[in-house]
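# What the coordinates show
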Amino acid sequence: MTPEQLQRAWVLQAQADAERGVLDCRMCRKRGPLEETTTLWRNGLLVFALCDRCAASHDVVFSPTPAGVEVRARRRRAVELVAQEVPRVHGPR
């Protein structure tokens, strides 16, 4: 599938899901109730859905483009990675 076909398929499925009151988040792909989702509609069509959990941890910017809508997201806090020192094994000397 091309990206355009994939987007069209998502829009059609999202429209059907919105009528049932549930949507898939476009970031984490989890399904949730419509009232816990931020949505972006354009010309009567749902073009983006974002769950409250993802919205709380990301700065999301929507920008109109000639082809549609560009969405950019950036994590609000740095991800902390914890590394442990690897124990050293000393062989015979």
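Structure report, in brief. (Residues numbered from 1 in each chain as written. Predicted model: local features only at pLDDT ≥ 70, side-chain atom pairs only at ≥ 80, totals over all residues. Heavy atoms only, no water.)

## Re the nonpolar core
Counting residues in each nonpolar core, the largest one holds seven residues, listed as Trp10, Val11, Ala14, Ala18, Leu23, Leu46 and Ala49. Only helix H1 (3-20) and strand S4 (45-51) provide two or more residues apiece to this core. With four residues, H1 is the largest single contributor of residues to this core. With residues up to four places along the chain from it excluded, the contact list for Ala18 reads Leu23, Leu34 and Trp41. Core analysis: the next-biggest nonpolar cluster, separate from the first, contains five residues, Cys25, Phe48, Cys51 and Cys54 among them. (Core = buried A, V, L, I, M, F, W, Y, C linked by side-chain atoms within 4.5 Å. Buried < 20%, exposed > 50% of the residue type's maximum accessible area, 1.4 Å probe, protein only. Helix = DSSP H or I, 4+ residues; strand = E, 2+ residues; numbered from the N terminus. Contact = heavy atoms within 4.5 Å.)

## Quick notes on the packing of aromatic side chains
Inspection of every chain in the model, using the stated rule, returns one aromatic pair. Where Phe48 meets Phe62, the ring centres are 5.4 Å apart and the plane angle is 75 degrees; that geometry is what we call edge-to-face. Here Phe62 lies in strand S5 (residues 58-65) and Phe48 lies in strand S4, a separation of 14 residues in the sequence. Note on Phe62: relative accessible area 33%, which makes it partly exposed. (Phe/Tyr/Trp six-rings, centres within 6.5 Å; stacked < 30°, edge-to-face > 60°.)

Shape descriptors only; they carry no functional weight alone.
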